[in-house]
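In case you want the letters, here they are:
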Amino acid sequence: EASQCPLEQALPALYRGKRVVISGDEKQLPPTSFFLSRAHWEDEEDGSEQTLSPEQLRKQFGQEALFYAEDLLQAAIGSYRETWLRVHYRSEHPALIEFSNRVFYQGRLEIPPSCRGWHSGQIPIEFIEAKGTYLERTNPREAQIVVKLLAKWWLKHPGQPPTIGVVTFNNDQRDLIEDFILRRCYKEPEFRAAYERERQRRDGQQDVGFFVKNLENVQGDERELIIFSTTFGPDPEGNFRRYFGPLGQQGGERRLNVAVTRAKKRIIIVCSMPIEQICGPDLNPDPNQLQPRQCLQFYLQYAQWLSQGKIEQARQLLEQLCRARRVAWGQGNPESPLEEEVLEELQRRGYVVDCQVGDAGFRIDLAVRHPEPGRGYVLGIECDGATYHSSLPARLRDVWREDVLRGRGWRIHRVWSTRWWTNRQQELDRLLEAIDRALKETARSSA
């Protein structure tokens, strides 16, 4: 990760290479030792170190900007040809990454759709209003809620709970949560056993154990469930100070991006901040001039609305923040005569079918909803076209693309146009059998 590598440490490797490939993400955190020397920076209103973008550095200092570059990636941007890796693999539901995609990456990421669907009501974002108090850089109420959530997941799912990580906005809140965990371990042997088991948990050779980390140290980590304690809130007198330490300073949006993109399956946000007061009168919806605290307010509003089932409001918010592409929340229209005919046949038989589900390169032509509300999609249907037959790269990409979708839980059935035109009834029977088989498999898996 070049954004975590200081330039001076990279130079020996660069001089040894005949070719150089520098891989990193400028929307992630640069290397920093700030919290080691100034642990209480988050309470300071002024005196923060300002971070200039690579473009600003070059405009101000020219080639001498290299002396001011925080990391290898910042030094490389603008000097080398850039290639974007567009496909996002971590998040199993688009809701977990869609905010970052729109606000930080201008909608460039291609995100495989979830077979649960936006309409299913199974949005993997939970927003808990803790109504806690921010006292001496900690929020005890939020820490208590975090420990209760851990007990819920560990003790009610003793066989195979999800891998869990806890993220906080500062070191003090991290230490308080760890202290509360140890207190409960001392009182409850069952909780202590679960805690020790989850800390040592591995997936083959990979460490997937439980952790509690502040956002400066969590980059690169991922867990199935992330519990995010936003820490800040009103003081004991009820006053809410809009100081968020490094999160509120220039470059703070990168910290937010890191914190909210660690989850593979679900994120729970424990928050005490009055969302509408984070920016106060300074809220500016201009997507080209968002400040870090504005990103924070918009994200918390997005998460709260999704948690409350207000999907349309969340969609409108994202489209307001990034108009590069329309946010794909559910469905579009058929794009070929074949899709129209398949759709008509299925609707005639009572199936509810959505068209063009997903976004960018991962759209599924037709998706059959489960007959029971809230169960998501039971089958995805791909209809091949002229491009598929004429292009070997298109066919190879389609094979890889289908593997990615199956990895997200999709059952995929392909309808071949040549077979449909020559023997429509046989192809239709194959499709109906695939739907019936998928329904039975779904019933068995949920039994």
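Now for a look at the structure at hand. None of these values were measured; they are calculated from a predicted model.

**Section: the overall build of the chain**
Scanning the chain for helices and strands turns up 16 helices and eleven strands. Across the 447 residues that make up the chain, the buried fraction comes to 50%. Counting contacts in the chain only where the partners sit at least 6 residues apart, residues at least 24 apart contribute 71% of the total. Accessible surface computed for the chain: about 22,400 Å², of which carbon and sulfur atoms make up 47%.

**Notes on the packing of helix 10 (residues 292-307) against helix 11 (residues 311-321)**
Remark: helix 10 packs on helix 11, axes separated minimally by 8 Å, with the N-to-C direction vectors making an angle of 155°. Between helix 10 and helix 11, the angle is such that the two are roughly antiparallel. Helix 10 and helix 11 meet at a crossing whose hand is left-handed. For the pair helix 10 and helix 11, the contacting residues are Phe298, Tyr302, Trp305 and Leu306 in the first and Ile311, Gln313, Ala314, Leu317, Leu318 and Leu321 in the second. Looking at the contact of helix 10 with helix 11, its residues break down into nine nonpolar, one polar and no charged.

**Quick word on the sheet that holds strand 11 (residues 412-415)**
Spatially, 8-9-10-11 is the arrangement adopted by the four strands of the open sheet, whose pairing is mixed. Of all the strands in the sheet, just strand 8 (353-357) and strand 11 have a single pairing partner and so form its edges. Going from strand to strand, the sheet's axes swing by 30° on average, the running direction of each strand aside. Across four bridges, the pairing between strand 10 (residues 377-383) and strand 11 is parallel. In the strand pairing of strand 11, Gly380 is matched with Ile412. Along the sheet, helix 12 (residues 337-348) contacts strand 8, strand 9 (364-369), strand 10 and strand 11; its crossing angle with strand 9, the most-contacted strand, is approximately 5°.

**Quick look at the packing of helix 7 (residues 171-187) against helix 8 (residues 189-199)**
Running from amino to carboxyl end, helix 7 crosses helix 8 at an angle of 125°, the nearest separation of the two axes being 5 Å. Here helix 8 runs oblique to helix 7, going by the angle between their axes. Helix 8 is crossed by helix 7, and the crossing has left-handed handedness. Contacts between helix 7 and helix 8 involve Ile181, Leu182, Arg184, Cys185, Tyr186 and Lys187 from the first element and Pro189, Phe191, Arg192 and Tyr195 from the second. Here the residues of the contact of helix 7 with helix 8 are counted per class, giving seven nonpolar, no polar and three charged.

**Looking at the nonpolar core**
Nonpolar side chains tend to gather and get buried jointly when the protein is soluble and globular. Of all hydrophobic cores here, the largest spans 51 residues; its most connected members are Ile125, Ile269, Met273, Tyr299, Leu300 and Tyr302. Taken together, the elements giving at least two residues each to this core come down to helix 5 (95-103), strand 1 (125-129), strand 6 (223-229), helix 9 (252-260), strand 7 (263-271), helix 10 and helix 11. A total of eight residues in this core trace back to one element, the largest contributor, which is helix 10. When near neighbours in sequence (up to four residues on either side) are disregarded, Ile125 contacts Ala95, Leu96, Ile267, Ile269, Tyr302, Ala303, Leu306 and Ser307. In this structure, Ile145, Ile164, Ile227 and Val270 belong to the second largest nonpolar core, which totals 27 residues.

**Description of the layout of surface pockets**
One number sums up the size of the largest pocket: a volume of about 1,200 Å³. As for the largest pocket, its lining consists of 31 residues, and the residues nearest its centre are Ser23, Gly24, Asp25, Thr83 and Leu85. Looking at the lining of the largest pocket residue by residue, the class counts come to 14 nonpolar, nine polar and eight charged.

Rules used throughout
Residues numbered from 1 in each chain as written. Predicted model: local features only at pLDDT ≥ 70, side-chain atom pairs only at ≥ 80, totals over all residues. Heavy atoms only, no water. Helix = DSSP H or I, 4+ residues; strand = E, 2+ residues; numbered from the N terminus. Buried < 20%, exposed > 50% of the residue type's maximum accessible area, 1.4 Å probe, protein only. Contact = heavy atoms within 4.5 Å. Areas by Shrake-Rupley, 256 points an atom, 1.4 Å probe, with all protein chains shown as cover. Axes fitted to C-alpha atoms, helices over the stretch in contact; angles between N-to-C directions. Parallel < 35°, antiparallel > 145°, perpendicular 65-115°, else oblique. Left-handed = near helix turned anticlockwise from the far one by under 90°. Nonpolar A, V, L, I, M, F, W, Y, C, P; charged D, E, K, R; others polar. Pairing = 2+ DSSP bridges. Core = buried A, V, L, I, M, F, W, Y, C linked by side-chain atoms within 4.5 Å. 1 Å grid on protein atoms, 1.4 Å probe; cavity = no way out; pocket = protein on both sides within 12 Å on 5 of 7 lines; lining within 4 Å. Points joined across faces, edges and corners; volume = space filled by probe spheres on them.

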